[in-house]
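So you can see what is in the structure, the chains are spelled out below.
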Amino acid sequence: MASDKKQAKRAKRAKAKAKQARAVRNNTPQGLSEEMLDDIAEGLVAILWRLAEAEAISQVEMLTTLIIETGMSKAKTLDDEIDNQIVILTTYGRKIVGRPENWMEDAGFLDAYAEAARKLGREELIEAWHDAHDF
């Protein structure tokens, strides 16, 4: 069982994520043109294709590609980076036939994620990933 401090941190993070999700659901993006939205959609599709190509080699290769694509240079914080990865992997998992809803909680997936993070010298992602999924 996690310590009281860690549980409080997780609860605070879950509350912030829920608030952010509500804001996204309830507000349409302002200042984004149709062209900008198309660019965002094309970028997501391109990432999904790269993940599929990399997964044909191995799950570790797919996760290595994901970590590179969502690196800290594109995210403001480690939590933002992990959140982006979760969104992309959730979308990716839905597009794969027969992929169970909880596929990112599988021990094999977690081992592959840890291996990919270590391969890239990003060990801090391992604990952040567990924190994001351990509410």
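Look up a bit, the structure's there.
Keep in mind that what you see is a predicted model, and the values were worked out from it rather than measured.

Brief notes about the nonpolar core
Ranked by internal contacts, the top residues of the largest apolar core, which has 27 residues, are Met-62, Leu-63, Ile-82, Leu-89, Phe-109, Tyr-113 and Trp-129. The set of elements that each furnish at least two residues to this core consists of α2 (34–55), α3 (59–69), α4 (78–95), α5 (107–119) and α6 (124–133). Ranked by residue count, the leading element in this core is α5, at six residues.

Brief notes about the side chain of Thr-64
With respect to the helices and strands, Thr-64 occurs in helix α3. There is a polar contact of 2.8 Å between the side chain of Thr-64 and the backbone oxygen of Val-60. In this view, Thr-64 contacts Ala-116, Lys-119 and Leu-120; residues no more than four positions away in its chain are not counted.

Section: α3
The buried fraction of α3 is high, at eight of 11 residues. Along α3, the residues classified as buried are Val-60, Met-62, Leu-63, Thr-64, Thr-65, Leu-66, Ile-67 and Glu-69.

Digging into the packing of α4 against α6
Each pair of packed helices can be described by the angle between their axes along with the distance between the axes. As a packed pair, α4 and α6 sit with axes 10 Å apart at the nearest point and diverge in direction by 65°. When the axis of α4 is compared with that of α6, the two are roughly perpendicular. In the crossing of α4 with α6, the sense of the turn from one axis to the other is right-handed. Contacts between α4 and α6 pair Leu-78, Glu-81, Ile-82, Gln-85, Ile-86 and Leu-89 from the former with Glu-124, Leu-125, Ala-128, Trp-129, Ala-132 and His-133 from the latter. Of the residues contributing to the contact of α4 with α6, the split by class is eight nonpolar, two polar and two charged.

Here is what the cut-offs are and how they apply
Residues numbered from 1 in each chain as written. Predicted model: local features only at pLDDT ≥ 70, side-chain atom pairs only at ≥ 80, totals over all residues. Heavy atoms only, no water. Core = buried A, V, L, I, M, F, W, Y, C linked by side-chain atoms within 4.5 Å. Buried < 20%, exposed > 50% of the residue type's maximum accessible area, 1.4 Å probe, protein only. Helix = DSSP H or I, 4+ residues; strand = E, 2+ residues; numbered from the N terminus. Polar contact = N/O pair within 3.5 Å; in protein donor to acceptor, adjacent residues only side chain to side chain. Contact = heavy atoms within 4.5 Å. Axes fitted to C-alpha atoms, helices over the stretch in contact; angles between N-to-C directions. Parallel < 35°, antiparallel > 145°, perpendicular 65-115°, else oblique. Left-handed = near helix turned anticlockwise from the far one by under 90°. Nonpolar A, V, L, I, M, F, W, Y, C, P; charged D, E, K, R; others polar.

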